[in-house]
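If you want the building blocks of each chain, they are given just below.
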Amino acid sequence: MISSQERKDCRAHLQPGQELARAALRFARVPRPRKWFALLALLAAVANAQWLNYSTPGVPRTRDGKPNLAAPVPRAPGGKPDLSGVWHVQPTGEAEMKRIFGENVGIVDVPGMEIDTISKYALNILADFKPEESPMRPAAAEILRRRKATDFPPTNCLPSGIPFYGLVSEPVRIVQSPALIVVISEGDTARQIHTDGRAFPREFAQPSWMGYSIGRWKGDTLVVETAGFNDKSWLDGMGHPHSEALRVVERYHRRDFGHMDVEMTFEDPQMYAKPFTIKVTEELQPDSDVFEYLCNEDEKDRSHLR
Amino acid sequence: MIPHQCRFVWFELFSFAISSMLVQAQWLNYPAPGTPRTPDGKPDLTAPAPRAMDGKPDLSGTWHAHPASSEDFKRLFGAAVVDNIETLSVPGMELNTVSIYAASIFADFKPAEVPMRPAAAQIFRRRVSGAEPLQTCLPLGIPVAGLVSEATKFIQSPQQLVILYESDGTHRQIYTDGRTLPKEIIQPAWLGYSAGRWDRDTLVVESAGFNDKTWLDILGHPHSEALHIVERYRRRDFGHMDVEMTFDDPEMYTQPFNIKYVLDLLPGSDVFENICNENEKDRIHTEKK
């Protein structure tokens, strides 16, 4: 992965609008099974240098001054592990991406957003399944077949939703307070996880993009349950759908200072014959930050995509 | 006030009203643990301010800027205009749910005493006349996002304070880990860059690094990238927080000026998810202008 400085430099030279339009045009020539390469490029980025390279207090350091990512897990004032920090999903790697998705997987390269900066699950949440073993019900397969790249919500400056926001090139920031954890990402709406002991409401009168999340500690693992989703977000760039019946259970375990194991289980009996699980590792991005990103700013794509 | 301004207030408030309204019942009426209550079970809003585990006052909670009354607005803009706006009111977004400073950051000034420099006055006149197109689904910015009908949520951790603004769906980071503002701001941002420190029980927040795109109020008072804001937050008791904001922008104003308002706690409430682009129907109308 390129350094945050290089990434910042690259992004500073990006013209998001132009890049998006170019990506959209390229998409028109890309055969259907590869539609998601273009989709990822449609998520543009801006650079805000003042956010970066601040030497964060409280970060354990090795003798040469570098963050010691193998140091023990920090603790919040209440004694629970403190998940706060800037995190980025461990990317799958180019060779593995090519093995799974074919040689042309890197067809659209925006600096800082190359194919080896994302998780395979961003492209296909069922990447671990053989096609013939996909648990999709016919209703889900039909929606997947019908979806066009230009329908992808982030392409239209709408939220990408769970889990996509945490599987792509941009980092996320977790801010942990005793009663509430907030997850902020670049370009998506902030997510609240209530950890004050509340249960789910009896009914979800108004389903939402990010759903309603409650978290509880099981030993040193934060277990987050989420329901109350609308059915508009895509589970991945390919377009695997979900219904409002979706329930997600996430398990966050900060293994050491620099690494967090995340397991996410998706259960949506309307769309999938059985629950399925993905496992990723989050890597701490010390002294980094999430940028301010406003999709609508200087946005010139939507008129082309209609 | 001149009639143009009045027309514009109406237009802006109206466009606020149509741009976003989502009601999400699951967010509401949750009796949050740790809320002090009176013998009849209601939240005791005059109980002492809670403390975070590090001993600092805990500013966390769902807050709403204390709104002005219709009479206040009539005094500022004239009765006829206010009556006009009120007939258009969307439930929950009536004029008397908005802070007076959302309408005009100079509400406390006599028109002749507003310290605008000629450059600011020129931009202001253009905005008031409607010549500058509205920006659709972009941030309202500081301070407007926190002064309108929608609630704001503060989440305080030892290292930072996050503010979620329902009004424009943005989130703001205020670092309280000891850092100061960067010496150089390479890429100005809508919400700037904010660093806070505790002055006894008051959180003092300094912000700079703004772009010049947000308006300081709905009327359209401008600011430049040189804007520097100092905010002082003091949670007076469980249910009330005193806020003082000082604006210093020597390129646009001959002197710094400040506003003081109260945030009222909304116990058991929350901010809603607000996705402006969802079902958004304004853009096509504003682009024609």
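Residues numbered from 1 in each chain as written. Chains lettered and ligands numbered in written order. Predicted model: local features only at pLDDT ≥ 70, side-chain atom pairs only at ≥ 80, totals over all residues. Heavy atoms only, no water.

**Brief notes about the pairing of strand β1 (residues 61-65) of chain B**
Remember that side chains alternate between the two faces of the sheet whenever the strand is regular. All names here are of chain B. Applicable threshold: Whether a residue is buried, partly exposed or exposed follows from its accessible area with a 1.4 Å probe, protein chains only, as a fraction of its type maximum: under 20%, in between, or over 50%, in that order. The helix and strand labels rest on DSSP assignments: H or I over at least four residues marks a helix, E over at least two residues marks a strand, and numbering proceeds from the N terminus. In this analysis, strands are considered paired if DSSP registers two or more bridges between them.
Of all 5 residues making up β1, 5 are buried, and the element is well covered by its neighbours. Note that β1 and strand β2 (residues 152-156) share 3 bridges and pair antiparallel. Following the sheet pairing, G61 is matched in β2 by F154. Direction of pairing for β1 relative to strand β9 (residues 257-265): antiparallel, over a ladder of 3 bridges. Note that in β9 the partner of A65 across the bridge is L263.

**So, the interface of chain B and chain A**
Condition: The contact criterion used is simple: two residues touch if any of their non-hydrogen atoms lie within 4.5 Å. Summed over both partners, the accessible area (1.4 Å probe) lost when two parts come together is defined as the buried area. Here, a salt bridge means any side-chain nitrogen of Lys or Arg that lies within 4 Å of a carboxyl oxygen of Asp or Glu. Within 3.5 Å is the distance limit for a polar contact, defined as a pair of N or O atoms, with the added protein rule that one can donate a hydrogen and the other accept it, and that residues adjacent in sequence qualify only through two side-chain atoms.
Tallying the contact residues gives 48 residues for chain B and 55 residues for chain A. Each partner contributes to the roughly 4100 Å² buried at the junction of chain B and chain A, and carbon and sulfur atoms together form 54% of this total. We note a salt bridge from K232 of chain A to E278 of chain B, for which the minimum N-O separation is 2.6 Å. Inspection of the region where chain B meets chain A yields 17 residue pairs in polar contact (both at pLDDT 80 or more).

**Section: the pairing of strand β5 (residues 193-199) of chain B**
All names here are of chain B. Pairing of strand β4 (residues 171-175) with β5 involves 2 bridges; the strand directions are parallel. For I174, the partnering residue across the bridge sits in β5 and is S194. Direction of pairing for β5 relative to strand β6 (residues 202-208): antiparallel, over a ladder of 7 bridges. Its bridge partner lying in β6, S194 is registered against S207. As consecutive antiparallel partners, β5 and β6 are separated by 2 residues, and within that stretch R200 has a phi angle of approximately 50 degrees, a positive value.

**Details of the environment of R236 of chain B**
Residue and element names in this part refer to chain B. With respect to the helices and strands, R236 occurs in strand β7 (residues 228-237). In this structure, the C-alpha to C-alpha distance between R236 and P57, residues 179 residues apart in sequence, is 9.7 Å. Beyond its immediate stretch of four places on either side in the chain, R236 contacts M241, D242 and V262.

**Things to note about the packing of aromatic side chains**
How two aromatic rings sit relative to each other is given by the distance of their centres and the angle of their planes. Test applied: Only centres within 6.5 Å qualify two rings of Phe, Tyr or Trp (six-membered ring in Trp) as a pair; their planes then separate them into stacked at under 30 degrees, edge-to-face at over 60, and tilted for everything else. A ring is considered to have a charge above it if a Lys NZ or an Arg CZ atom is located within 6 Å of its centre and within 35 degrees of its normal.
Following the criterion strictly, the structure yields 14 aromatic pairs over all chains and no others. Centre to centre, the rings of F152 of chain A and W234 of chain A are 5.0 Å apart; their planes meet at 50 degrees, and the pair counts as tilted. A residue pair is termed long-range when its members are at least 10 positions apart, and F152 of chain A in the loop between α6 (138-146) and β2 (172-176) and W234 of chain A in the loop between β6 (221-227) and β7 (247-256) qualify at 82 residues. Each ring, one from Y272 of chain A and one from F276 of chain A, has its centre 5.0 Å from the other, and the planes form 70 degrees; the classification is edge-to-face. In terms of burial, Y272 of chain A and F276 of chain A fall into one category: buried. Over the face of the ring belonging to Y30 of chain B we find R198 of chain A, whose NZ or CZ atom lies 3.6 Å from the ring centre.

**Remarks on the state of the cysteines**
Spelled out, the test is: In plain terms, two cysteine sulfur atoms within 2.5 Å form what is called a disulfide here.
Considering all chains together, one arrives at 2 disulfides over all chains under this definition. Disulfide partner of C157 of chain A: C295 of chain A, at an S-S distance of 2.1 Å. Across the S-S bond of C157 of chain A and C295 of chain A the torsion is about -75 degrees, and the bridge reads as left-handed. In this pair, C157 of chain A sits in the loop between α6 and β2 while C295 of chain A sits in the loop between β9 (276-284) and α7 (302-305), placing the two residues 138 residues apart along the sequence. The disulfide bridge from C137 of chain B ends at C276 of chain B, spanning 2.0 Å between sulfur atoms. Because the sign of the S-S torsion sets the handedness, a value of about -80 degrees for the bond joining C137 of chain B and C276 of chain B places this disulfide among the left-handed ones. On the criterion of sequence distance, the pair formed by C137 of chain B in the loop between α5 (118-128) and β2 and C276 of chain B in the loop between β9 and α6 (283-288) is long-range, its members being 139 residues apart.

What is shown is where atoms sit, not what they do.
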